[in-house]
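Residue-level listing of the chains:
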Amino acid sequence: MTVAEGTELPPLTIEATPTFVVSTALATRDFQDVHHDRDSAVARGSKDIFLNILTDTGLVQRFVSEWAGPEALIRSVKIRLGVPCYAYDTLTFTGRVVSRTGNDVVVSVSGVDSLGEHVAGTVEVTLP
Amino acid sequence: MTIEEAAAAIAAQGESAPRLARDPVNQAMVNNWVEAIGDRNPVYTDPEYAAASVHKGLVAPPAMAQVWTMNGLHGTRADDDPLGAMMAVLDEAGFTSVVATNSEQTYHRYLRPGEHVAAATRLETVVGPKRTALGEGWFVTTRTTWSVGSEAVAEMVFRVLKFRPPAPKPPPAPVLRPVISRDTEFFWDGLREGELRIQRWGETLRHPPGPMPPDGSLDTKPDYVVASGRGTVYSFVVHHHPPVPGKELPFVVALVELEEGVRVMAELLDAAPEEVHIGLPVVAAFVRVDDDLTLPAWKVAR
């Protein structure tokens, strides 16, 4: 794999089914009702249950490490949150290498759903 | 104390006491996490692969750093948690809603099963008030450090927007809506534009508008004139009962003879029932209900 500034990562598509939203919330020990209880989410003004932040961090890490390989070392995951990702939406991650110094690479990542950009950020990773 | 002063006082308290995770880093929670997230990296789950890898043994996903110290289903914030203290200050000031905007995690090294992390948090900055799409609010930034013993293993800068949601618009007053047909559409269109339109068949004005001229001719086509809006009360009733949606009782309904010679019925808005009398001069008024409907009304010509 040749990695240089501008290298695009293969996109990753996540179907944010209710099972996905709930199981990731619980696996990240986030028990806030808006992530598993649709009635509560709607009562608080949301359309449905939605993904939690710890899951976004996990997904961004997964997206980059699936591209970089299992022995790449993730140094940081910095994300900025945009529109919600509600249950039944589809989240598509794209990314590109923005800089490379030796084996240290900075990747910019964007996760977009039907409402717009759900998450954007950068990941620092050391390639094996 | 201002919000800035409260923030300075909380920041001056420094870092909260380290809070130990409920459980040490363990395979069960890692397995749940990788299954849910869909991360198939074998360094987290396959002991043989992990032993032969750069890690020389199983490691936990770095993005789980925060997971280990989450409060859990029945958890509460620590008393010295600076984020909780700052949220309380902003709640008190009316900034009652919260949304996370940034999470920036840095991993100094991967954690291994059996290690027991603790988290400590300090308040970094409180910036505001800022106008945002969600409402006026303050950006509150904290820094959390995860440690094993005295060794810092991960850090997170976490920013939330604590905002005052805009007051919800009052629901539109319920109102009885007219049935609008092709014969009467011009009348309602006119009201929306501030015109009191009267149907005209040749030389003859007719109100209420209808599909046929007064003489029953099938050949004439209608158009309309715009009334001056000036007239006098020809007859009226004071409505006391029953209740009418969107109306305060009592109210006056007046049949007004326009100077064009036709009579139009509508509510008389600004007159006490006892001051209304036949012959009272009035002018047309227009009551906008919403984008689709404007109702005719009268006001006393004063």
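Residues numbered from 1 in each chain as written. Chains lettered and ligands numbered in written order. Predicted model: local features only at pLDDT ≥ 70, side-chain atom pairs only at ≥ 80, totals over all residues. Heavy atoms only, no water.

(A) Structural context of the overall build of chain B. Summing up its helical and strand segments, chain B has six helices and 13 strands in all. Counting only C-alpha atoms and orienting by the principal axes, one finds that chain B spans roughly 100 × 50 × 35 Å. When the 302 residues of chain B are sorted by exposure, 41% land in the buried category. Sequence-distant contacts, at least 24 apart, represent 61% of the contacts inside chain B between residues at least 6 apart. Total accessible area computed for chain B in this model is approximately 16,400 Å², and 54% of it derives from carbon and sulfur atoms. Distance between charge centres in chain B, computed from 28 positive and 39 negative side chains, equals 2 Å. (Helix = DSSP H or I, 4+ residues; strand = E, 2+ residues; numbered from the N terminus. Buried < 20%, exposed > 50% of the residue type's maximum accessible area, 1.4 Å probe, protein only. Contact = heavy atoms within 4.5 Å. Areas by Shrake-Rupley, 256 points an atom, 1.4 Å probe, with all protein chains shown as cover. Lys, Arg positive; Asp, Glu negative; His and termini not counted. Charge placed at Lys NZ, Arg CZ, Asp CG, Glu CD.)

(B) Layout of the overall build of chain A. For chain A, the count of helices and strands is three helices and five strands. Ordered by position in the sequence, the α and β elements of chain A form the string β-α-α-α-β-β-β-β. In terms of overall dimensions, chain A is globule-like: its C-alpha atoms have a radius of gyration of 15 Å, near the 14 Å expected for 128 residues. Referenced to the eigenvectors of the C-alpha coordinate spread, the extents of chain A come out at roughly 50 × 25 × 20 Å. Counting contacts in chain A only where the partners sit at least 6 residues apart, residues at least 24 apart contribute 65% of the total. Only carbon and sulfur atoms are counted for the fraction: they give 52% of the accessible area of chain A, which is about 5,400 Å². Placing the 10 positive and 16 negative side-chain charges of chain A at their respective mean positions leaves the two points 4 Å apart. (Rg over C-alpha atoms; globule rule 2.2 N^0.38 Å.)

(C) Fine view of the pattern of salt bridges. Residues and elements named next belong to chain B. Here the structure, examined in full by the defined rule, presents 24 salt bridges over all chains. For Glu 193, the salt bridge is made with Arg 197, and the minimal N-O distance between the two is 3.2 Å. Using a relative accessible area of 58% as the deciding quantity, one classes Glu 193 as exposed. Note on Arg 197: relative accessible area 7%, which makes it buried. Among the charged side chains, a network of salt bridges with common partners joins Arg 122, Glu 124, Arg 143 and Glu 155. (Salt bridge = Lys/Arg side-chain N within 4 Å of Asp/Glu carboxyl O.)

(D) Up close: the interface of chain B and chain A. The interface is formed by 37 residues belonging to chain B together with 30 residues belonging to chain A. The interface formed by chain B and chain A contains twelve residue pairs in polar contact (both at pLDDT 80 or more). The set of elements that each furnish at least two residues to the side of chain B that touches chain A consists of helix H2 (27-37), helix H4 (65-68) and strand E2 (97-107) of chain B. Per-element accounting of the side of chain B that touches chain A gives the leading share, eight residues, to E2 of chain B. Classifying every residue of the side of chain B that touches chain A gives 20 nonpolar, 13 polar and four charged. Examined bridge by bridge, strand E2 (residues 73-81) of chain A and E2 of chain B share five bridges and lie antiparallel to one another. By the bridge assignment, Ile 79 of chain A is partnered in E2 of chain B with Ser 103 of chain B. (Polar contact = N/O pair within 3.5 Å; in protein donor to acceptor, adjacent residues only side chain to side chain. Nonpolar A, V, L, I, M, F, W, Y, C, P; charged D, E, K, R; others polar. Pairing = 2+ DSSP bridges.)

(E) Focus on the domain arrangement of chain B. Assigned domains of chain B: these are domain 1 (1-161) and domain 2 (182-298). Distance between the C-alpha centres of domain 1 of chain B and domain 2 of chain B: 66 Å. (Domains from an automatic or database assignment.)

(F) Structural view of helix H1 (residues 3-12) of chain B. All names here are of chain B. Buried within H1 are the following residues: Ile 3, Ala 6, Ala 7 and Ile 10. Looking straight down H1, one finds its buried side chains confined to an arc of 100 degrees; they lie on one side. Contacts made by the buried residues of H1 are with helix H5 (82-92), strand E3 (118-132) and strand E4 (135-148). With its phi angle positive at about 75 degrees, Gly 14 sits one or two positions after the end of H1. (Arc of directions from axis to C-beta.)

(G) Spatial organisation of the pairing of strand E4 (residues 104-113) of chain A. Residues and elements named next belong to chain A. Judged from the nine bridges that link them, strand E3 (residues 89-101) and E4 form a sheet pairing that is antiparallel. The partner of Arg 96 across the bridge, within E4, is Ser 108. Joining the antiparallel neighbours E3 and E4 is a turn of two residues, in which Gly 102 adopts a positive phi near 60 degrees. Remark: two residues form the turn of the hairpin made by E4 and strand E5 (residues 116-126), two consecutive strands paired antiparallel.

(H) The arrangement of the nonpolar core in detail. Grouped together as the largest cluster of nonpolar side chains are 81 residues, with contacts concentrated most on Val 64, Trp 67, Phe 93 and Val 107 of chain A together with Trp 68, Met 86 and Val 140 of chain B. Per-element tally for this core: the top contributor is helix H3 (residues 53-68) of chain A, with eight residues. Those residues within four positions of Trp 68 of chain B in sequence are excluded, and the remaining contacts are Arg 29 of chain A together with Ala 21, Arg 22, Pro 24, Val 25, Asn 26, Met 29, Val 30, Ala 60, Leu 111 and Val 117 of chain B. Residues Ala 271, Val 282, Leu 293 and Leu 295 of chain B belong to the second largest nonpolar core, which totals 25 residues. (Core = buried A, V, L, I, M, F, W, Y, C linked by side-chain atoms within 4.5 Å.)

(I) Focus on the sheet that holds E3 of chain B. With respect to topology, ten strands assemble into an open sheet ordered E1(A)-E3(A)-E4(A)-E5(A)-E2(A)-E2(B)-E5(B)-E4(B)-E3(B)-E1(B), the strand pairing being antiparallel. The sheet terminates laterally at strand E1 (12-16) of chain A together with strand E1 (19-20) of chain B, the two strands that pair on one side only. Contacts from H1 of chain B reach E3 and E4 of chain B, with the element oriented near 165 degrees to E3 of chain B. (Axes fitted to C-alpha atoms, helices over the stretch in contact; angles between N-to-C directions.)

(J) Molecular detail of the packing of aromatic side chains. Residue and element names in this part refer to chain B. Enumeration according to the criterion identifies five aromatic pairs over all chains in this entry. When the ring of Phe 95 is compared with that of Trp 138, the centres are 6.2 Å apart and the planes differ by 80 degrees; the resulting orientation is edge-to-face. One end of the pair, Phe 95, is in the loop between H5 and E2; the other, Trp 138, is in strand E4, with 43 residues separating them in the sequence. On the accessibility criterion, Phe 95 (5% relative accessible area) is buried. Residues Phe 187 and Trp 188 carry aromatic rings whose centres are separated by 5.2 Å and whose planes lie at 85 degrees to one another, so their mutual orientation is edge-to-face. Exposure class is identical for Phe 187 and Trp 188. Each is buried. Above the ring of Phe 95, the side-chain terminus of Arg 164 is found at 4.4 Å from the ring centroid. Lying across the ring of Tyr 234, Arg 263 places its NZ or CZ 3.6 Å from the centre. (Phe/Tyr/Trp six-rings, centres within 6.5 Å; stacked < 30°, edge-to-face > 60°. Lys NZ or Arg CZ within 6 Å of the ring centre and 35° of its normal.)

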